[in-house]
Amino acid sequence: RSTAAHFTSRGLAVPMHPIIRTMRADDVDAVLALQAIAYADAAFAPEGAVVYLNRISLAPDLCLVAQSAAGDLLGYLVSHPWHDGKPPALHTELSALPVPATRWYLHDCAVAVSARGSGVAAALYEAAHDLAICRGLCCAALVAVGDAAGYWAQRGYRAARGTVPEQALASYGEDACYMT
């Protein structure tokens, strides 16, 4: 789906066409490895396999990975239906999704260092966005951490300060920003 390019060690641009597919339980180890690198400097501890397996079981169609033709994990996006307001705390297993769900909640998205700037994040986002729309989820929310708020602002997200209690964001670190 992406027409972006990445550069080889010789500096030649090579088209990158990631394969976007649903995340499987056997992807979780690779997802955790990518997550450990992506959040190495984060103000929170990375989540464990149980959280990703939980989200896969609740919303398998909205949990996606991007892989290269060779099968290497290039990135992932974990999302699920949710409700307006308080986001789920990090490290939390959900017993069920809300009914009715009013929002598409982007739980986590990370891209391998080798694939940054190649359009992988956009390809994952667009694929999950289309699936969320098909589910009738026309509003979205996320918690941006680190310097990610700028990326999400470019996609049309705006800080929704004051709409979520401060303690609801505590598990995400001091710089967490709830965006809709």
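The rules behind these values
Residues numbered from 1 in each chain as written. Predicted model: local features only at pLDDT ≥ 70, side-chain atom pairs only at ≥ 80, totals over all residues. Heavy atoms only, no water. Buried < 20%, exposed > 50% of the residue type's maximum accessible area, 1.4 Å probe, protein only. Helix = DSSP H or I, 4+ residues; strand = E, 2+ residues; numbered from the N terminus. Arc of directions from axis to C-beta. Contact = heavy atoms within 4.5 Å. Salt bridge = Lys/Arg side-chain N within 4 Å of Asp/Glu carboxyl O. Core = buried A, V, L, I, M, F, W, Y, C linked by side-chain atoms within 4.5 Å.

Draft legend 1. Looking closely at helix α1 (residues 28-38). When we look at burial in α1, the residues that qualify are V28, V31, L34 and Q35. Looking straight down α1, one finds that the buried residues subtend no more than 120° of arc, so they occupy a single side. For α1, the exposed residues set more than 90 degrees away from the buried face come down to D29 and I37.

Draft legend 2. Layout of the environment of A49. With respect to the secondary-structure elements, A49 resides in helix α2 (residues 49-58). Those residues within four positions of A49 in sequence are excluded, and the remaining contacts are V28 and L32.

Draft legend 3. Looking closely at the pattern of salt bridges. The final tally for this structure, using the stated rule, is five salt bridges. The closest approach of N and O atoms between R21 and D27, which form a salt bridge, is 2.8 Å. Grouping residues by exposure puts R21 and D27 together as buried. Among the salt bridges present, the one from D84 reaches R103, with a minimum N-O distance of 2.9 Å. Taken together, the residues D84 in the loop between β5 (73-82) and β6 (103-111) and R103 in strand β6 connect sequence positions 19 residues apart.

Draft legend 4. Focus on the nonpolar core. In terms of nonpolar packing, the biggest core is built from 55 residues, with M23, Y76, W104, L106, V143, W152 and Y157 touching the most fellow members. Going through the elements one at a time, α1, α2, β4 (63-67), β5, β6, α3 (120-134), β7 (140-144) and β8 (177-179) are the ones with two or more residues in this core. Here this core gets seven residues from one element, more than from any other, and that element is α3. Leaving out residues up to four positions away in the same chain, W152 has contacts with L106, C109, Y125, L142, A144, Y157 and M179.

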